[in-house]
Amino acid sequence: MKNESFVTFFYILPFSGDIQYKPIIPTFFFLIYLVGVLVNSSIITVICLEVQLHKPMYLFICNLSIVDIFYTSVTVPKLLHMLLSGEHIISFSQCYTQLYFIITVGTAEEILLFVMAYDRYVAICKPLHYQQILSQRNCTLITFGIWTTAFLNSLMFVVSALNMSSCHSNIIYQFFCDIRSLTKTTCRATQLFFAIAGIEILILGFVPLLCTFISYVNIFSVIFKMKSKESRKKAFSTCSSHIIIVTIYYGTCISGYLIPPYSDVLDLVFNIIYTTIVPMMNPIIYSLQNSNIKTAMLAL
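Residues numbered from 1 in each chain as written. Predicted model: local features only at pLDDT ≥ 70, side-chain atom pairs only at ≥ 80, totals over all residues. Heavy atoms only, no water.

(A) Region of the structure containing the nonpolar core. Within the largest apolar cluster, 79 residues are counted, with the highest numbers of intra-cluster contacts made by Phe-10, Phe-29, Ile-61 and Tyr-96. The biggest single contributor to this core is helix α3 (residues 92–125), with 18 residues. (Core = buried A, V, L, I, M, F, W, Y, C linked by side-chain atoms within 4.5 Å. Buried < 20%, exposed > 50% of the residue type's maximum accessible area, 1.4 Å probe, protein only. Helix = DSSP H or I, 4+ residues; strand = E, 2+ residues; numbered from the N terminus.)

Put into structure tokens, the structure is as follows:
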């Protein structure tokens, strides 16, 4: 017989040993969180205040900074509270709320990275139609569509996950409630959950990545045909920061999915990278690569 039960709380145990003797761990996460929030907030402020940056590319960069702030804010403050207080219990509702927002920002970032690649494709391959294709109205609709899709997708995913029965240990060896850790605590998952998970990975994971790849194939084909070396350099410089971010983000996510289910340590490492370190690095990469953002930040 299956010993199924309804779990009312989870134990979050990301690190082994006594945390009281490892003050460097909460200090590390606090600094990562502080730097990430400050730098992303600075970029949002600069783009909002500087009229010259009121363009589609910077609108999407602003949204990426919002996503990065949410990424760290959903996970790190709760982790710091657990590490400093020693209270590693998280309620069922808190756990699934955290899961909901993690999936939301993850979905938003995947779609947003493709939209940013499409923005560069239109700017380089169809410059005469740029203002028409990416008008203010269209950019507003795209932004609204990104967040609406992200919230609705996360809602469907979490609702299907709520139907899973928990009969194993309610200990999560992770620093936040992610779906991979939660499935390890269950003994029965519904077909609806696996169906939604598969559709999500295909449509909101693989398809945006494929479209991003196709966009850059077309971009590079146009860049290599440019006769002027200066034009090629300028065109490539507008794409380089986005290419770096896409490579880091998808490289980390794909590596995380390839980790064997029993490798809790590696799973923890990759989750730390893409939910805390990558959101901190994104704005730094963009600010270092984009001369307009650097100039605007220095002018404030």
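Once the structure has been displayed, the description carries forward.
(B) View of the packing of helix α1 (residues 24–49) against helix α2 (residues 56–85). For the pair α1 and α2, the least separation of the axes is 9 Å and the interaxial angle reads 155°. What the angle tells us is that α1 and α2 run roughly antiparallel. In terms of crossing hand, the pair formed by α1 and α2 is left-handed. The residue makeup of the contact of α1 with α2, split by class, is 20 nonpolar, five polar and one charged. (Axes fitted to C-alpha atoms, helices over the stretch in contact; angles between N-to-C directions. Parallel < 35°, antiparallel > 145°, perpendicular 65-115°, else oblique. Left-handed = near helix turned anticlockwise from the far one by under 90°. Nonpolar A, V, L, I, M, F, W, Y, C, P; charged D, E, K, R; others polar.)

(C) Geometry of the sheet that holds strand β1 (residues 9–12). The strand order across the open sheet built from three strands is β2-β1-β4, with neighbouring strands paired in mixed fashion. Two strands bound the open sheet, and with one partner strand each, they are β2 (89–91) and β4 (171–172). Pairing of β1 with β4, which is carried by two bridges, proceeds in the parallel orientation. Looking across to β4, one finds that Tyr-11 is bridged to Ile-171. (Pairing = 2+ DSSP bridges.)

(D) Structural view of the pairing of β1. With burial as the criterion, only one face of β1 is covered, namely that bearing Phe-10 and Ile-12; the residues Phe-9 and Tyr-11 on the opposite face remain uncovered. Of the strand pairs in this sheet, β1 and β2 are connected by three bridges, and their pairing is antiparallel. Across the sheet, Tyr-11 pairs through a bridge with Ile-89, a residue of β2.

(E) The arrangement of the packing of aromatic side chains in detail. Throughout the structure, instances matching the rule amount to 15 aromatic pairs. Arranged with centres 5.3 Å apart and planes meeting at 80°, the rings of Phe-28 and Phe-29 form a pair that is edge-to-face. Classification of Phe-29 as buried rests on a relative accessible area of 2%. Taken together, a centroid distance of 4.9 Å and an interplanar angle of 75° make the contact between Phe-175 and Phe-176 edge-to-face. Each member of the pair, Phe-175 as well as Phe-176, is classed as buried. By way of ring pairs, the aromatic residues Phe-28, Phe-29, Phe-175 and Phe-176 are connected into one cluster. (Phe/Tyr/Trp six-rings, centres within 6.5 Å; stacked < 30°, edge-to-face > 60°.)

(F) Region of the structure containing the pattern of salt bridges. Following the criterion strictly, the structure yields one salt bridge and no others. Across the pair Arg-120 and Asp-119 runs a salt bridge whose closest N-O atoms are separated by 2.8 Å. Note on accessibility: Arg-120 and Asp-119 belong to one class, buried. (Salt bridge = Lys/Arg side-chain N within 4 Å of Asp/Glu carboxyl O.)

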